[in-house]
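For reference, the chains in residue letters:
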Amino acid sequence: MTADLRCYGDDIQAAAELVPDFELRSPIDAQVWYAREWEAIADVLGFAQQLASAPRAVPTTPDRIAAMTLTGLTAFEHALRASRPGVPDNQARVQSAVIQAMTAAGHPRGELWRVAVDPTTLATGACYDDGARSLRAFYPDTAPGYFGDGWAGPPPRAESACGWTTPLVLHLGTFPWVYSSRLGDIGPGMRWASPASQPALEGLHVVASLLEPATNLRQDARQVAAIFRHFVTQTAPLVARLPTFEAGRAVAGRLYRRGRFLLAHQGSLHVAALDGPRGRLAAPAYNYILRRFASFFAVRRATLRALATLPADVQRIAATSADPCLRQQAQEQARAS
């Protein structure tokens, strides 16, 4: 049966087609697809060497995807440990505790892509001690940005020890670009690391989990679709200014559009960026973020197509989801089988 994502909108169906389709029921097809996605992630986040040297012995489906996820996360962890610390140990510990609490709360609600919380309800208050001061462990992402129009309220219900006056909002689905208004050349989440704790690893774990069938179905795709549309709306005028790539006529070092993605012809994409009213948009960030959206919906489509062959508990996630589009697809699958 063909899985149809048009109940989320024709633009979402098109988004899934930005990356290759695959058959989840085919072990070889799934292995090739997931290996390609991990290579794409590693290329941008700087752990391609560690991933390439990782063991490739993979068990058969359904453990194949989990094994590849473990391989990718382990390679990322090795790269983090080889890099310079990005934040103080006490800040990193608070960041890890906060991410764990936010994802635990967002998981049952189907809100892992973007998680939000009143920071004063957390055990740490999302604060850490810096000598005599109490500081916020995360950037307060309140201004209009590429993922939304800002999150000014509701205000915290209690007084914050470190000055929180707004909700804490993190876009973990596009980790390490976790803030709506900070899409520079290095994702802010890449700095979440210290010798004592690796909150960055937990951030990438969320990205990886959203590519696994069960967690992908638990995520309310309406949230992802809304953020995707905002991202496209805000970036489209910037991308439209670029010329379309034409082989044989391109100028070395210039930034082009090739399909929906950006290309630096015979140059480094990592030094290219677009500047708009909502801030600097690095070319690697744009490509990576667009691919995260595309991959999420590609996995959703492949999972729906294979739903009748998946374990009963995974089918139950779809059948009981708060997402009406997902329930509709699950019902159609049940009738067809």
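Conventions and cut-offs
- Residues numbered from 1 in each chain as written.
- Predicted model: local features only at pLDDT ≥ 70, side-chain atom pairs only at ≥ 80, totals over all residues.
- Heavy atoms only, no water.
- Helix = DSSP H or I, 4+ residues; strand = E, 2+ residues; numbered from the N terminus.
- Rg over C-alpha atoms; globule rule 2.2 N^0.38 Å.
- Buried < 20%, exposed > 50% of the residue type's maximum accessible area, 1.4 Å probe, protein only.
- Contact = heavy atoms within 4.5 Å.
- Lys, Arg positive; Asp, Glu negative; His and termini not counted.
- Charge placed at Lys NZ, Arg CZ, Asp CG, Glu CD.
- Phe/Tyr/Trp six-rings, centres within 6.5 Å; stacked < 30°, edge-to-face > 60°.
- Lys NZ or Arg CZ within 6 Å of the ring centre and 35° of its normal.
- Core = buried A, V, L, I, M, F, W, Y, C linked by side-chain atoms within 4.5 Å.
- Pairing = 2+ DSSP bridges.
- Polar contact = N/O pair within 3.5 Å; in protein donor to acceptor, adjacent residues only side chain to side chain.
- Axes fitted to C-alpha atoms, helices over the stretch in contact; angles between N-to-C directions.
- Parallel < 35°, antiparallel > 145°, perpendicular 65-115°, else oblique.
- Left-handed = near helix turned anticlockwise from the far one by under 90°.
- Salt bridge = Lys/Arg side-chain N within 4 Å of Asp/Glu carboxyl O.

## Focus on the overall build of the protein chain
Then, in step 1: On a plain count of helices and strands, the protein chain comes out with eleven helices and eight strands.
Then, in step 2: In terms of C-alpha radius of gyration, the protein chain reaches 20 Å, essentially the compact-globule figure of 20 Å for 337 residues.
Then, in step 3: Counting only C-alpha atoms and orienting by the principal axes, one finds that the protein chain spans roughly 65 × 55 × 40 Å.
Then, in step 4: Within the span of the protein chain, comprising 337 residues, buried residues form 51% of the whole.
Then, in step 5: Considering only intrachain contacts with a sequence separation of at least 6, the fraction spanning at least 24 residues in the protein chain is 70%.
Then, in step 6: Distance between charge centroids for the protein chain: 3 Å, based on 34 positive and 29 negative side chains.

## A short note on the packing of aromatic side chains
Two aromatic rings are characterised by how far apart their centres lie and by the angle between their planes.
Then, in step 1: Taken as a whole and assessed by the stated rule, the structure comprises 19 aromatic pairs.
Then, in step 2: Here a set of aromatic residues connected by ring pairs shows up, and it is made of Tyr 8, Trp 113, Phe 147, Phe 228, Phe 231, Tyr 286, Phe 293, Phe 296 and Phe 297.
Then, in step 3: One Lys or Arg, Arg 136, reaches over the ring of Trp 164 and ends 5.8 Å from the middle of that ring.
Then, in step 4: Directly above the ring of Tyr 288 sits Arg 292, whose terminal nitrogen or CZ lies 5.3 Å from the centroid.

## Topic: the nonpolar core
Looking at soluble globular proteins, one finds that nonpolar side chains tend to be buried together.
Then, in step 1: If you look at the biggest cluster of nonpolar residues, it comprises 102 residues, and the most contacted ones within it are Phe 47, Phe 138, Leu 170, Trp 192 and Leu 204.
Then, in step 2: Broken down by element, the residue count for this core peaks at 14 residues, all from helix 9 (residues 283-305).
Then, in step 3: Those residues in contact with Phe 138 that lie beyond four places of it in its chain are Gln 95, Val 98, Ile 99, Trp 164, Leu 168, Leu 170, Tyr 179 and Trp 192.

## Let's talk about the environment of Val 115
Then, in step 1: Locating Val 115 in the fold gives a position in strand 1 (residues 115-117).
Then, in step 2: Along the primary structure Val 115 and Val 314 are separated by 199 residues, whereas in three dimensions their C-alpha atoms are 23 Å apart.

## Brief notes about the pairing of strand 6 (residues 261-264)
Then, in step 1: Sheet topology note: the strand 5 (residues 255-258)/strand 6 ladder contains four bridges and is antiparallel. Pairing of Arg 257 across the sheet is with Leu 262, part of strand 6.
Then, in step 2: Connecting strand 5 to the antiparallel partner strand 6 that follows it, the hairpin turn spans two residues, and Gly 259 within it adopts a positive phi of roughly 70°.

## Side note on the environment of Ser 181
Then, in step 1: With respect to the helices and strands, the residue Ser 181 is situated in the loop between strand 4 (168-170) and helix 6 (199-209).
Then, in step 2: The sequence separation of Ser 181 and Ala 123 amounts to 58 residues, and the corresponding C-alpha distance is 27 Å.
Then, in step 3: Setting aside residues no more than four positions away along its own chain, Ser 181 makes contact with Tyr 139, Asp 141, Pro 144, Gly 145 and Arg 278.
Then, in step 4: Of the polar contacts made by the side chain of Ser 181, one reaches the side chain of Asp 141; its length is 2.8 Å.

## Section: the packing of helix 4 (residues 63-82) against helix 6
Then, in step 1: Between helix 4 and helix 6, the shortest axis-to-axis distance is 10 Å and the interhelical angle comes to 155°. The orientation of helix 4 relative to helix 6 falls into the category roughly antiparallel. The crossing of helix 4 and helix 6 is right-handed. For the pair helix 4 and helix 6, the contacting residues are Thr 69, Leu 73, Phe 76, Glu 77 and Leu 80 in the first and Ala 200, Leu 201, Leu 204, His 205 and Ala 208 in the second.

## Structural notes on the pattern of salt bridges
For side chains of opposite charge, pairing can occur when their charged atoms come near one another.
Then, in step 1: By the definition in use, this model includes 18 salt bridges.
Then, in step 2: The shortest N-O distance in the salt bridge between Arg 133 and Asp 130 comes to 2.6 Å.
Then, in step 3: For Asp 130, a relative accessible area of 32% corresponds to the partly exposed category.
Then, in step 4: Between Arg 278 and Asp 149 there is a salt bridge; the shortest N-O distance is 2.9 Å. Here the residue Arg 278 occupies a position in the loop between strand 7 (273-276) and strand 8 (279-282), and Asp 149 occupies one in the loop between strand 3 (133-136) and strand 4, the gap between them amounting to 129 residues.

Without other data, these values stay purely geometric and don't point to any function.
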